[in-house]
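The primary structure of each chain is shown beneath.
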Number of protein chains: 4
Amino acid sequence: MADLSAFELEELARTYENASPTDILASALERHDSVAISFSGAEDVVLIDMAIKIRSDIRVFSLDTGRLHSETYRFFDKVRDHYRVDIEVQFPDSAAVEQMIVCKGFHSFYADDHKECCAIRKVGPLRRKLATLDAWITGQREDQNAGTRHGLPAIQYDAAFATPEHALFKYNPLTHWSSAKVWEYIRRHSVPYNPLHERGYISIGCEPCTRAVLPNQPERDGRWWWEESTLKECGLHALNVASR
Amino acid sequence: MADLSAFELEELARTYENASPTDILASALERHDSVAISFSGAEDVVLIDMAIKIRSDIRVFSLDTGRLHSETYRFFDKVRDHYRVDIEVQFPDSAAVEQMIVCKGFHSFYADDHKECCAIRKVGPLRRKLATLDAWITGQREDQNAGTRHGLPAIQYDAAFATPEHALFKYNPLTHWSSAKVWEYIRRHSVPYNPLHERGYISIGCEPCTRAVLPNQPERDGRWWWEESTLKECGLHALNVASR
Amino acid sequence: MADLSAFELEELARTYENASPTDILASALERHDSVAISFSGAEDVVLIDMAIKIRSDIRVFSLDTGRLHSETYRFFDKVRDHYRVDIEVQFPDSAAVEQMIVCKGFHSFYADDHKECCAIRKVGPLRRKLATLDAWITGQREDQNAGTRHGLPAIQYDAAFATPEHALFKYNPLTHWSSAKVWEYIRRHSVPYNPLHERGYISIGCEPCTRAVLPNQPERDGRWWWEESTLKECGLHALNVASR
Amino acid sequence: MADLSAFELEELARTYENASPTDILASALERHDSVAISFSGAEDVVLIDMAIKIRSDIRVFSLDTGRLHSETYRFFDKVRDHYRVDIEVQFPDSAAVEQMIVCKGFHSFYADDHKECCAIRKVGPLRRKLATLDAWITGQREDQNAGTRHGLPAIQYDAAFATPEHALFKYNPLTHWSSAKVWEYIRRHSVPYNPLHERGYISIGCEPCTRAVLPNQPERDGRWWWEESTLKECGLHALNVASR
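Residues numbered from 1 in each chain as written. Chains lettered and ligands numbered in written order. Predicted model: local features only at pLDDT ≥ 70, side-chain atom pairs only at ≥ 80, totals over all residues. Heavy atoms only, no water.

(A) Highlighting the overall build of chain A. When helices and strands are tallied, chain A shows 9 helices and 6 strands. Taken against the 2.2 N^0.38 rule, which gives 18 Å for 244 residues, the C-alpha radius of gyration of chain A at 17 Å falls within 12% of a compact globule. Taken over the C-alpha atoms alone, chain A extends approximately 50 × 45 × 35 Å along its principal axes. Evaluated residue by residue, chain A yields a buried proportion of 61% over its 244 residues. A fraction of 69% describes how many contacts in chain A between residues 6 or more apart in sequence connect residues 24 or more apart. (Helix = DSSP H or I, 4+ residues; strand = E, 2+ residues; numbered from the N terminus. Rg over C-alpha atoms; globule rule 2.2 N^0.38 Å. Buried < 20%, exposed > 50% of the residue type's maximum accessible area, 1.4 Å probe, protein only. Contact = heavy atoms within 4.5 Å.)

If you want it as structure tokens, here you go:
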């Protein structure tokens, strides 16, 4: 581990376990030279709102899978303009996409599962980006998925994307916040939000793999709903599944 | 009071205060000669599902205001076919509608408030229907509106629509159920639902006066949102407001 | 015939056969004491735009069937505000609607045909209105329906709605205009239009009985498409069918 | 020029000038070893329908810009399944997309113009594909754009994408067909079509740069409508503009 020893991480985790999202963010932004917020285009926009109030030179990256909703693309630009922050976009490798499509068409995930497509459109591009960072900050929360995100710590070592040569830390400042609390923040601070949230969408990913949920339906039911598993993660947060 | 004395009502209310919706429904259907379920086209469809399992000759009525969503009209017919039950529709008086529209256009409620329009399209037609009934059954729940529905009893005398000559009772079998419980019932029993619920709508009324709500937003924020009041009722349930 | 003899009508028809819509409108507005434009909420809005430039005290009426698109209701108010003209709305008789719905549901026209529903929601209310007028002005055009509107004159005696005691004339100022010409007028004069026209709709009626058409598809294919007949009229223009 | 001399081309063009689309297609498919239909996801699907009836081993390619409508992606798979033909998809270069987005956001074309984005998402990937072909077949028609497509020949040498080392021919079998004729073909032969055509769309490209048109509005008004030019081409058919 590079800029933080195992001992320091544990101590840090203890210190920040009950800290506010803003305090966790401030710590992350200060501690690492190369740290960026991972922004999905959903309600994790609150991370940007909180971070920009701490310092104006934050870095934000997003994965443009080539299959996002038009509303999400427009929302990215709205966030860009509102907070005056560039969004570092990762785009899939063209050869990998072309080969998958010519063989299987544009919706192979419904027949197979979402792993191959996520690997090409999300995990590969993410890995490229994370190789350039010391730490990343996500909007993951415990309440999003009882199966995979229960007990999710605010600070962790990212064993899924770190390599022997390259340490990587992962911050989840919102982990202990409920969805209700996030939305209360959005309303109170007039944070811009993705208009899909006005049409029943809670969790937002790629267009073909996301849908609105019914009232009181768990938000992860809006993702990869044709798959039975209770362990729905797209590979970005493989750490959650691996550690089970 | 006609077929139930004040004393009997009180005793009844005490008896059924903690009864299940099905028991309350069974009691209502058995006690009154002329009793009908008021069906709004939203998740109160569970009342029909519960009632039809008690007896097949239930009566259902709805208010067609002339301004419902096309999805709601289609849902009415879906329910009609699914449960093989006629829906007794009340339609507004043409002269009253014509006069309001020629004077104020089709959206006067945004400038004024919703009272005049609701009076013509909902309350008047409801009054006509209730004059023919001994009791009606609604899907009201305490959790829908902390302002107007807190403490809503399962059984009550309907002082708003009863007249000296005509007693009227009102049953709210779902009053102590949460939205989550209602939706769990819908899913478990494969109850058909209004497809607007797949687009972020929770409470459903007239098209111009209903909108989807954001995640974790109170459901009554989806109704008459341009009005400040915390006492949002359309006149159907004037009793709730009057008694405060 | 009241205020125009058969001879005068014939002469008038000959005079105006090749007149511009504006000249026909001017003639109609001047000749009759009680004359009104029938406005459907579609591109016949050009009649209002032309007429208001002739005189400001024009009368406009519309049939609110209780099943129009929300876009159409909003468009009615837009026209009302833009031209500062009240829209005299005719609304269906409540008893007739209630009886049809309780017996057959909200979509009987798909199983039967559209005649019964149109009779209740359109023809009856229209008849009530026409009984108060000497003449009405419609947006009908020959090019809308080769089957029923070919040869449609600019001025005609309305034998379908006139009675022995009450003469009635009907003006169709746009009869010889093509759809292209109407839309050229709309664009040139910045006439407000129903936003459904931005979603593939050409002819616009009730929501369940109207749909968008494909590129180059005849506009009447967007109405009552489940019925085979080439004689699609809703009864308002029964004259077109009767005279064949 | 490789497999066709200038003289032969001229003779061929003369021979096929008034030939049917099917005859032109048959000629193209037979004459070249490496020839493919360029399929945009719009009504040029008729080329595939015609070609597959000539021979089953046709090649089809499409440009997935990463910004197409979800309806178009689904339509690609529908065509793939219906005709049992793989679609060779070209995807943009990730580095080029990433650099444009981080600098200018996702909608720079509205502020600048569509040239830079089209160059990255369409022209580059097309050039890569055309370098592997002797000829390509497009759905261009004269009636699509009086400004740029008038006089478009059925067969032409593609000077825009050919190189001194690599000859390239371009076939436009539908050039003399009207939109009406294409749609008549679609209906008569039950050809699957993009559902966007049911919502007022005629010409279909990328989501942010395509919109529905009004009745009787020229179809190219649905593309890059914020740009004044009458010379709207995305670079795929630069030949049309260059030769003016």
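(B) Up close: the relation of the copies chain C and chain B. Here chain C sits on chain B after a turn of 180° about the axis and a move of 0.0 Å along it, with an RMSD of 0.0 Å. Such a turn and shift between the copies fits a two-fold axis. No C-alpha of chain C lies nearer the rotation axis than that of G66 of chain C, which sits 2.1 Å from it. Most of the interface of chain C is mirrored in chain B: 100% of its interface residues are interface residues there too. (Least-squares fit on C-alpha atoms with pLDDT ≥ 70 in both.)

(C) Highlighting the packing of helix α5 (residues 94-104) of chain D against helix α7 (residues 115-130) of chain D. Residues and elements named next belong to chain D. One way to put it is that α5 packs onto α7 with a least axis distance of 9 Å and a crossing angle of 155°. Compared by their axis directions, α5 and α7 come out roughly antiparallel. Viewed along their axes, α5 and α7 form a crossing whose handedness is left-handed. Between α5 and α7, the contacting residues are A96, V97, M100, I101 and K104 on the first element and E116, C117, I120 and R121 on the second. For the contact of α5 with α7, the residue count by class is 6 nonpolar, no polar and 3 charged. (Axes fitted to C-alpha atoms, helices over the stretch in contact; angles between N-to-C directions. Parallel < 35°, antiparallel > 145°, perpendicular 65-115°, else oblique. Left-handed = near helix turned anticlockwise from the far one by under 90°. Nonpolar A, V, L, I, M, F, W, Y, C, P; charged D, E, K, R; others polar.)

(D) A look at helix α7 (residues 115-130) of chain A. All names here are of chain A. Along its 16 residues, α7 runs just 19 Å from first to last C-alpha, ending more than 12% under the 22 Å computed at 1.5 Å per residue. The axis of α7 is deflected most strongly, by about 35°, at V123, and proline P125 appears within four residues downstream. Every buried residue of α7 is accounted for by C117, C118, I120, R121, K122, V123, P125, L126, K129 and L130. Summarising the contacts, the buried residues of α7 are in contact with β2 (60-63), β3 (87-90), α5 (94-104), α6 (108-111) and β4 (135-137). (Expected span 1.5 Å × (residues − 1). Bend = angle between axes of the 7 residues up to and from the residue.)

(E) Geometry of the sheet that holds strand β5 (residues 155-157) of chain A. Residues and elements named next belong to chain A. Within the open sheet, the 6 strands sit side by side as β3-β2-β1-β4-β6-β5. Their pairing is mixed. The outermost strands of the open sheet, each flanked by one partner alone, are β3 and β5. Taking the axes of each pair of neighbouring strands and ignoring which way they run, one obtains an average angle of 30° across the sheet. Note that β4 and strand β6 (residues 169-171) share 3 bridges and pair parallel. Considered in β6, the bridge of A135 is made with F169. (Pairing = 2+ DSSP bridges.)

(F) Region of interest: the environment of T65 of chain B. All names here are of chain B. By secondary structure assignment, the location of T65 is in the loop between β2 (60-63) and α4 (70-83). In this structure the C-alpha to C-alpha distance between T65 and K181, which are 116 residues apart in sequence, comes to 29 Å. Setting aside residues no more than four positions away along its own chain, T65 makes contact with P92, R121, K122 and C206. Among the polar contacts listed, one links the side chain of T65 to the backbone nitrogen of R67, at a separation of 3.1 Å. (Polar contact = N/O pair within 3.5 Å; in protein donor to acceptor, adjacent residues only side chain to side chain.)

(G) Quick look at the interface of chain C and chain B. Tallying the contact residues gives 30 residues for chain C and 30 residues for chain B. It is F91, E98 and F106 of chain C that lose the most area in chain C upon contact with chain B, and together they represent 25% of the buried surface on that side. There are 4 salt bridges connecting chain C and chain B. For E98 of chain B, the salt bridge is made with R128 of chain C, and the minimal N-O distance between the two is 3.0 Å. Where chain C packs against chain B, one counts 14 residue pairs in polar contact (both at pLDDT 80 or more). (Buried area = accessible area lost by both parts, 1.4 Å probe. Salt bridge = Lys/Arg side-chain N within 4 Å of Asp/Glu carboxyl O.)

(H) How the structure looks around the packing of aromatic side chains. Across all of its chains, the model carries 54 aromatic pairs over all chains by this definition. Seen from their ring centres, F39 of chain B and F76 of chain B are 5.5 Å apart, and the 75° between their planes marks the pair as edge-to-face. Of the two residues, F39 of chain B is situated in the loop between β1 (35-38) and α3 (45-54) and F76 of chain B in helix α4; the sequence distance between them amounts to 37 residues. You'll find F39 of chain B and F76 of chain B in the same group, each marked buried. Three or more aromatic residues link up through ring pairs in this structure, and these residues are F39, Y73, F75 and F76 of chain A together with F106 of chain D. We note R67 of chain A situated over the ring of Y73 of chain D; from NZ or CZ to the ring centre the distance is 4.4 Å. (Phe/Tyr/Trp six-rings, centres within 6.5 Å; stacked < 30°, edge-to-face > 60°. Lys NZ or Arg CZ within 6 Å of the ring centre and 35° of its normal.)

(I) Layout of the nonpolar core. The biggest cluster of nonpolar side chains holds 111 residues, and the ones touching the most others in it are F39, I58, I137 and Y171 of chain A together with F39, I137 and Y171 of chain D. Per-element tally for this core: the top contributor is helix α3 (residues 45-54) of chain A, with 7 residues. If we ignore the near neighbours within four places in the chain, the residues touching Y171 of chain D are L12, I24, A28, R31, H32, A135, W136, I137, T138, A154 and I155 of chain D. Membership of the second largest hydrophobic core comes to 110 residues, among which are A135 and A154 of chain B, V79 of chain C together with L214 of chain D. (Core = buried A, V, L, I, M, F, W, Y, C linked by side-chain atoms within 4.5 Å.)

(J) Region of the structure containing the sheet that holds strand β3 (residues 87-90) of chain C. All names here are of chain C. Across the sheet, 6 strands lie side by side as β3-β2-β1-β4-β6-β5; this open sheet has mixed pairing. Every other strand in the sheet has two partners, leaving β3 and β5 (155-157) as the edge strands with one partner each. On average, each strand axis in the sheet is tilted by 30° relative to the strand beside it, whichever way the strands run.

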